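# Residue-level structure breakdown
Each chain is listed here by its residues.
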Amino acid sequence: MSKSFKSKIFDPNQFERSPTGIQGLDEITNGGIPKNRPTLIYGSAGCGKTLFGVSFIVNGATQYNEPGVFLSFEENEEELSRNVASLKVDLPKLVQQKKIVIEHIHLDRSENHETGEYNLEGLFVRLGYAIDSIGAKRVVIDAIETLFSGFDNDYILRSELKRLIRWLKERKVTAIITSESSEDGELTRHGIEEYLSDCVVLLDHRVIRQISTRRIRVIKYRGSTHGTDEFPFLIDKDGISVLPITSLVLKHPGTTERVKTGIPELDIMLSGKGYTRSSSVMISGTAGTGKTSIAGAFAMETCRRGETCLYLSFEESPGQIVANMKSIGMNFDPWIKKGLLQINSTRPGFFGLEMHLLELYKQIKLHKPSTVIIDPLTSLFGQGDTLEIQSILTRMIDLLKMNKITAIFTSLISSKGEIQSEVGVASLIDTWIVVREVEDKLRRRSRGLYIVKSRGMSHSNQIHRLVLSDKGIRLLALEEDTELQLDPEPAKKTKKKSAKKN
Amino acid sequence: MKAKKKVITKKPTSKKVAKATKKKVNKVVKKEPMTELCLYIAGNTARSRVAFENLKSVCGKYLKGRYKIEVIDLLTNPRLAKEDQILAIPTLVRKLPLPIKKMIGDLSDSEKLLVGLNIKKLGSK
């Protein structure tokens, strides 16, 4: 991602790496797992161990020209092929092309009457033969603990396991050995990590408040620095992707370029030029104050500039948004048709916060937008505690700034009249616009809009009346129905009028 | 080493049929059902020699003339490790009479070997 990664990859003092080809994993391990050495991946049932193994082998065969052997104690070739077919991986074809060998080992304790000393040379012979048959550089041994259910003699198994690890190193193959974790999830069930000392990766699948998140952590990587944090990962139709959020640093370049908001009066309030490009803008307000409409105006303006806008809605469906925007004179249809406006609706509770972030990451990669609208940010926050929210939001803003994307959040505040943002995100926001219900001298309730802060520019300190009509969004002086004298530059009035005609 | 190697291949003709993947040792067929055994080894190791000796002595004692032993060296036939699902070495497979039975280890526990082969002890006959 950044330059520092590359320099680390080519550091001669480090282990040589073997890239897994799994999005993000190679970044947190500075280039992949140790080459020609075995790596242990363990985790509880259903956390994606087998998929990691398969991805490693398939990516090796298809991207890095390294044939691989997949030794499975659990699933046979047919079952495996079927399981990964949904990820658009054609295993049988790769097997046919002699890029992959799948070895299924059938173990049945009832078949194994032990009548004395033995070893597992048969396993070695099989593996060796499979490796030689295609010149494999990668080996995955899936669910090694199955061995312990197939044989009685623990002592023999342990010494054979040790020998297997040594043998794999001698064969100079990059190996992944997967194993189930113990009840508490801290160690493997049979203490297999004792034998694998180079690289140990833990996969975790936990459910907090009914929402499940998969996480990955590199526990050990001998002779190398690595991210020791937990990283969320996602299994979807494209396979596995790990999001190395913490690799992001505060390095985003500053810019002074200003862009229009789409509401001429609001531009005037922001010293006449609008907001700063790739900054973060928050529009907060009580229910029904027009936050979404303002965000819609921002979206229209982005598209009018010929840039792509990604609109993530957590409350309304795309159709609903389009229809509602039409009622205030904003037609999204042409921009959607042109592909400039992408509206995605998801339920906030559909997955955890980490996953939302990961989803955002993927969407950004896919659409490369210049503006991302998250509407509303606050509905995401039903999901986690304050600490988590704060960290996610920081990372979200970092992610957007790194990609030079303008972030526009809407935020619902409780109607008690506090303008304190719910989660103390104020310090992360560059431009903060608040809309709230106000009462004027004539005792009319109306929407009052003002700017709490806007970094790097002078801005109006007045409260203006926000008017939503079928002609669009207008800002008027609070006290009068007549057109407002906008400060600081009344001269802009002509411009505003022309906007009105639009 | 060399002397011992003979032990495994001592049975008539086996050494000559180097090309054949399986070395067969035929004994006289009697009216009692024939027992067909297959011993999987990986190279000529001390343990495989022990296993073969143990097997021979038990068969000689209880199945006189009614058994066949086939010794398969996985190092020369690595393919068979997959086909016959062999993991542990040595493994003894009783192919006949059915059902197929698998025993692992050097067969030094002759009690278990007899149970595995379904052979009644001499005394109980």
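Residues numbered from 1 in each chain as written. Chains lettered and ligands numbered in written order. Predicted model: local features only at pLDDT ≥ 70, side-chain atom pairs only at ≥ 80, totals over all residues.

### Things to note about the overall build of chain A
The following threshold applies: What counts as a helix is a DSSP run of H or I of at least four residues, what counts as a strand is a run of E of at least two, and both are numbered from the N terminus. Think of it as a crowd count around each C-beta: if 20 or more other C-beta atoms lie within 10 Å the residue is buried, if 12 or fewer it is exposed, and in between it is partly exposed, with C-beta placed from the backbone throughout. A pair of residues counts as a contact when their C-beta atoms, built from backbone coordinates, are within 7 Å of each other.
Counting secondary structure elements, chain A contains 15 helices and 23 strands. Counting every position in chain A, which comprises 502 residues, the buried fraction comes to 46%. Considering only residue pairs separated by 6 or more positions, chain A has 70% of its internal contacts joining residues 24 or more positions apart.

### Examining the interface of chain A and chain B
Condition: Amino acids are sorted into nonpolar (Ala, Val, Leu, Ile, Met, Phe, Trp, Tyr, Cys and Pro), charged (Asp, Glu, Lys and Arg) and polar (every other residue, Gly among them). By the convention used here, strands pair only if DSSP detects at least 2 bridges between them.
Taken together, the contact between chain A and chain B spans 20 residues of the former and 27 residues of the latter. Looking at the side of chain A that touches chain B, the elements with two or more residues in it are β6 (113-114) and α6 (121-134) of chain A. Of the residues forming the side of chain A that touches chain B, the biggest block, seven residues, is contributed by α6 of chain A. A per-class count over the side of chain A that touches chain B returns six nonpolar, eight polar and six charged. As judged from the two bridges shared by β6 of chain A and strand β5 (residues 101-104) of chain B, these two strands associate in the parallel manner. Paired with E114 of chain A across the bridge in β5 of chain B is I104 of chain B.

### Brief notes about the nonpolar core
To keep things clear, this is the line we draw: Linking buried Ala, Val, Leu, Ile, Met, Phe, Trp, Tyr and Cys residues through C-beta atoms within 7 Å yields a set, and such a set is a nonpolar core.
If you look at the biggest cluster of nonpolar residues, it comprises 154 residues, and the most contacted ones within it are V139 and I373 of chain A together with L39 of chain B. Not counting residues within four places of it along the chain, the set of residues in contact with L39 of chain B comprises A51, F52, L55, I69, V71, P90 and L92 of chain B.

### Observations concerning the pairing of strand β3 (residues 38-43) of chain A
Residues in a regular strand project their side chains so that they alternate between the two faces of the sheet. Residues and elements named next belong to chain A. The element β3 is largely enclosed, with a buried count of six among its six residues. The alternating pattern of β3 places P38, L40 and Y42 and T39, I41 and G43 on opposite faces, both of which are buried. As defined by bridge partners, β3 adjoins strand β8 (residues 174-180) across six bridges and the pair is classed as parallel. Pairing of G43 across the sheet is with E180, part of β8. The pairing of β3 with strand β9 (residues 199-208) spans five bridges and is classified as parallel.

### Structural notes on unusual backbone geometry
Backbone geometry follows two general trends: most residues other than glycine have a negative phi, and most peptide bonds adopt the trans configuration. Across the junction of D375 of chain A and P376 of chain A, the peptide omega takes the value -15°, indicating a cis bond. Note on placement: P376 of chain A falls in the loop between β18 (371-375) and α14 (386-402). For the bond from I89 of chain B to P90 of chain B, the omega torsion is -5°, close enough to zero to count as cis. Examined against the element boundaries, P90 of chain B turns out to sit in the loop between α3 (79-83) and β4 (91-96). A positive phi angle, near 55°, is found at Q85 of chain B, a position not held by glycine. Of note, Q85 of chain B is situated in the loop between α3 and β4.

### Notes on the confidence of the model for chain B
Residues and elements named next belong to chain B. Stated precisely, the cut-off is as follows: pLDDT is defined as a per-residue confidence score from the predictor, taking values between 0 and 100.
In this model, chain B carries an average pLDDT of 72, and 70% of its residues clear a pLDDT of 70 or more. In this model, residues 1-25 is a region of pLDDT below 50 whose contacts with residues beyond four sequence positions or in other chains number 25 contacts. If you check the scores for this complex, the pTM reads 0.68 and the ipTM reads 0.71.

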